[in-house]
Amino acid sequence: MSKLVIRGGVPLRGEVPISGAKNSALALMVAAALAKGETVLRNVPHDRDVSTMAGILRDLGVRVYFSEPHVLHVDGTDLKSDTAPYEPVRQMRASFYVAGLLLARLGRAKVPLPGGCQLGSRPVDFHLRGFEALGAKVNIEYGYMQAEAPRLAGATYFVNRASVGATVNVLMAATLAEGTTVLENAAKEPEIVDLAVLLNSMGARIRGAGTDVIRIDGVKELHPGEHWVIPDRIEAGTYMMAAGITGGDLTLRNVELNHLRTPVVKLAEMGLHVEPQEGGGGTGSEAGATGLVRVWTDPGAKRLRAIDVETAPYPGFPTDLQPPLVALLSLANGTSVVRETIFDRFRFVDELRRMGADIRVERDTAIIRGVAKLTGAPVEAMDLRAGAALVLAALAAEGQTEISGVELIDRGYEDLETKLRHVGAQVLRITEKNGYGNRTIDPSPAVDPVPLLPARKSTANKGADHGDGYENEGGYQHAEPGGQ
Ligand code: EPZ
């Protein structure tokens, strides 16, 4: 168990590298295992969810290892087991993607149903109906989904609520189905396009990804590919808000601004400047290129302005940026109204209130009366993005904030405290064995430097079979309940 201790009030200045998209990487890792042979994924974030997914895939017989930081190899040649391990899948929702993989490759899948979580009830019925539409027989027994279809058959399937996960799962399964599948009302998120780009490079025939109708002509088999994961738009949006909430000036490296159009419009409405910079070398999603974006507040401006926002599927305002936005709005000048249309995702406001925020929640709507200051307090991260909201609030608060539940934040923010420290934040991670509760941050010097890359294992500890060289790669012991 770890905590983040943050002493707020420092305007963040400098450059922050944005990692590859976690939610893209999770789908890409599974998709890569659709082929026999080794697919290479670059720009993969080294966060806990990626480690968890690697562990699950290994359990199924897939070879997964990092050859160097952010370069992940996935080889589905020895995919043999049709049964996914119970605990990690139950804990991490994205791991249900292995259902599409197993059905497509082995013709059968036994996968635990992912549990409910801090974002409210999150069923997988749209995924299951999609498999059925492709001809699979699907049963739920003893906590597992069991599905079978000797060879899936193409069909037209209307994706309810434009579900991201159902689009990913059915799309993957359909690549190896007989005939043509048409996904109507498909999710349009950039992560879906990223998935289709990888799969097409592996020999799949997918058209229309990024629109609400995706057409997949099934092929007999896929071959390995090589792919560069798109930048994480949610991480980028979070750091934009970090610049805003601290009155700072950040340059974000490796950003695809096209993926952040609505958030940028809303942040501009608040008075935050977000501008692409010369010398970025292209957009973030071109292999190896980096999009540079500067984010700053007017030096004279005391407070950002209140705004109204409603979350929506892409290209609308992402639900994953809603909690950080609420933190930002809690210090804005005026009253903001934020409506959450995707998940039940306002429980974190109780924690913000402890810090002095004035927020009232009525059903799916938060009414935020901006206050002049927040103050540090002990608070708890209930899920990944709620954790990000608390980090932002803490960066701006007077005094010291202790955030517990940091493991949940680690699921999706790579090297969070290292990146923050590099731009001047006073952040310290403490673990129970260091005696937490008693530590305070010396306001002047930067705290003990942490390398930007994850710690390498000693040779003696190396996983005998995978030789991945990284501490977290062994399995899924880090997964926390309440998965994303
Ligand atoms: C993905 O979740 C993301 N996760 C979430 O990111 C993100 O918040 C969400 O999309 C919306 O953008 C990953 O990509 C791994 P959905 P997903 O299926 O696929 C309901 C983060 O913080 N629904 O698009 O699970 C569902 O309850 C995470 O990084 C059903 O009812 O989201 C929700 O209300 C959190 N039945 C709506 O549809 C189903 O079978 C959309 O969910 C599927 C979904």
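Cut-offs used in this document
Residues numbered from 1 in each chain as written. Predicted model: local features only at pLDDT ≥ 70, side-chain atom pairs only at ≥ 80, totals over all residues. Helix = DSSP H or I, 4+ residues; strand = E, 2+ residues; numbered from the N terminus. Buried ≥ 20, exposed ≤ 12 C-beta atoms within 10 Å, placed from the backbone. Contact = placed C-beta atoms within 7 Å. Near = placed C-beta within 6 Å. Nonpolar A, V, L, I, M, F, W, Y, C, P; charged D, E, K, R; others polar. Domains from an automatic or database assignment. Core = buried A, V, L, I, M, F, W, Y, C linked by C-beta atoms within 7 Å. Pairing = 2+ DSSP bridges. Axes fitted to C-alpha atoms, helices over the stretch in contact; angles between N-to-C directions. Parallel < 35°, antiparallel > 145°, perpendicular 65-115°, else oblique. Left-handed = near helix turned anticlockwise from the far one by under 90°. pLDDT = per-residue confidence, 0-100.

1. Structural notes on the overall build of the protein chain
Piece 1. When its secondary structure is counted, the protein chain shows 14 helices and 23 strands.
Piece 2. Relative to its 484 residues, the protein chain shows a buried fraction of 56%.
Piece 3. Intrachain contacts of the protein chain at a sequence separation of at least 6 include 71% that bridge at least 24 residues.

2. Comments concerning the site of the ligand
Piece 1. Neighbouring the ligand are 23 residues; Asn23, Phe126, Ser163, Val164 and Gly165 lie closest to it.
Piece 2. Elements that contribute at least two residues to the shell around the ligand include exactly α1 (22-32), α5 (125-133), α6 (164-175) and α12 (384-396).
Piece 3. Tallied by class, residues from the shell around the ligand come to ten nonpolar, seven polar and six charged.
Piece 4. Two domains share the shell around the ligand, each providing at least three of its residues, namely domain 1 (2-19 + 231-434) and domain 2 (22-230 + 459-473).

3. Some thoughts on the nonpolar core
Piece 1. Core analysis: the biggest nonpolar cluster contains 84 residues, and Met29, Tyr97, Val98 and Leu103 have the highest contact counts within it.
Piece 2. Apart from the residues lying within four places of it in its own chain, the contact partners of Val98 are Val30, Ile56, Leu60, Ala84 and Val111.
Piece 3. Counting residues in each nonpolar core, the second largest holds 76 residues, with Ala236, Tyr239, Leu384 and Tyr413 among its members.

4. Considering the sheet that holds strand β5 (residues 71-75)
Piece 1. Spatial ordering of the open sheet is given by β4-β5-β3-β13, a layout of four strands whose pairing is mixed. Each edge of the open sheet is held by one strand with a lone partner, namely β4 (63-68) and β13 (226-228). Going across the sheet, the axis of each strand differs from the next one's by a mean of 20 degrees, ignoring polarity.
Piece 2. Pairing of strand β3 (residues 38-42) with β13 involves three bridges; the strand directions are parallel.

5. Examining the environment of Leu4
Piece 1. Along the chain, Leu4 turns up in strand β1 (residues 2-7).
Piece 2. Residue Leu4 is classed as buried on the basis of its 24 C-beta neighbours within 10 Å.
Piece 3. It is 8.3 Å that separates the C-alpha atoms of Leu4 and Glu417, two residues lying 413 residues apart in sequence.
Piece 4. Beyond its immediate sequence surroundings of up to four residues, Leu4 is in contact with Val391, Ile403, Val406, Glu417, Val427 and Arg429.

6. As for unusual backbone geometry
Piece 1. Of note, the bond from Tyr314 into Pro315 is cis; its omega dihedral lies within 30 degrees of zero at 10 degrees.
Piece 2. Topologically, Pro315 is positioned in the loop between β17 (308-310) and α10 (322-329).
Piece 3. Not every positive phi belongs to a glycine, and Asn43 is a case in point at roughly 65 degrees.
Piece 4. Its place among the elements puts Asn43 in the loop between β3 and α2 (48-59).
Piece 5. For Asp415, which is not glycine, the phi dihedral falls at a positive 50 degrees.
Piece 6. You can see Asp415 is positioned in the loop between α13 (406-410) and α14 (416-422).

7. Structural notes on the sheet that holds strand β11 (residues 205-207)
Piece 1. The four strands lie next to each other as β9-β10-β12-β11, forming an open sheet whose pairing is mixed. Both outer strands of the open sheet, β9 (156-158) and β11, are each paired with one neighbouring strand and no more. Strand-to-strand twist of the sheet, defined as the mean angle between neighbouring strand axes without regard to direction, takes the value 15 degrees.
Piece 2. The sheet contact formed by β9 and strand β10 (residues 180-184) spans three bridges and is parallel. The residue of β10 that forms the bridge with Tyr157 is Leu183.

8. Considerations on the packing of helix α4 (residues 98-106) against α6
Piece 1. Their axes nearest at 8 Å, the elements α4 and α6 cross at an angle of 15 degrees. Taken together, the axes of α4 and α6 are roughly parallel relative to one another. The two elements α4 and α6 cross, and the hand of that crossing is right-handed. Every residue of α6 that contacts α4 at Ala99, Gly100, Leu101, Leu103 and Ala104 is listed here: Asn169, Val170, Met172, Ala173 and Thr175.

9. Some details on the confidence of the model for the protein chain
Piece 1. Model confidence for the protein chain is summarised by a mean pLDDT of 88, while 85% of its residues fall at 70 or above.
Piece 2. Confidence drops under a pLDDT of 50 for residues 282-289, and excluding neighbours within four residues, the segment shows 19 contacts in the predicted structure.
Piece 3. Taken as a whole, residues 442-483 scores under 50 in pLDDT and shows 69 contacts with residues more than four places along the chain or in a different chain.

10. Looking at the environment of Gly399
Piece 1. Here Gly399 shows up in the loop between α12 and β22 (400-404).
Piece 2. Given 15 C-beta atoms within a 10 Å radius, Gly399 is considered partly exposed.
Piece 3. Put simply, Gly399 and Leu374 are 25 residues apart on the chain and 9.0 Å apart in space, counted from C-alpha to C-alpha.
Piece 4. The residues touching Gly399, leaving out its near neighbours within four places in the chain, are Gly8, Thr375 and Gly376.

11. Side note on the packing of α6 against helix α7 (residues 190-201)
Piece 1. For the pair α6 and α7, the least separation of the axes is 10 Å and the interaxial angle reads 10 degrees. In terms of axis orientation, α6 runs roughly parallel to α7. The hand of the α6/α7 crossing is right-handed. Only Glu191, Ile192, Leu195 and Leu199 of α7 make contact with α6, whose side of the interface consists of Val164, Thr167, Val168, Leu171 and Thr175.
Piece 2. Here the residues of the contact of α6 with α7 are counted per class, giving six nonpolar, two polar and one charged.

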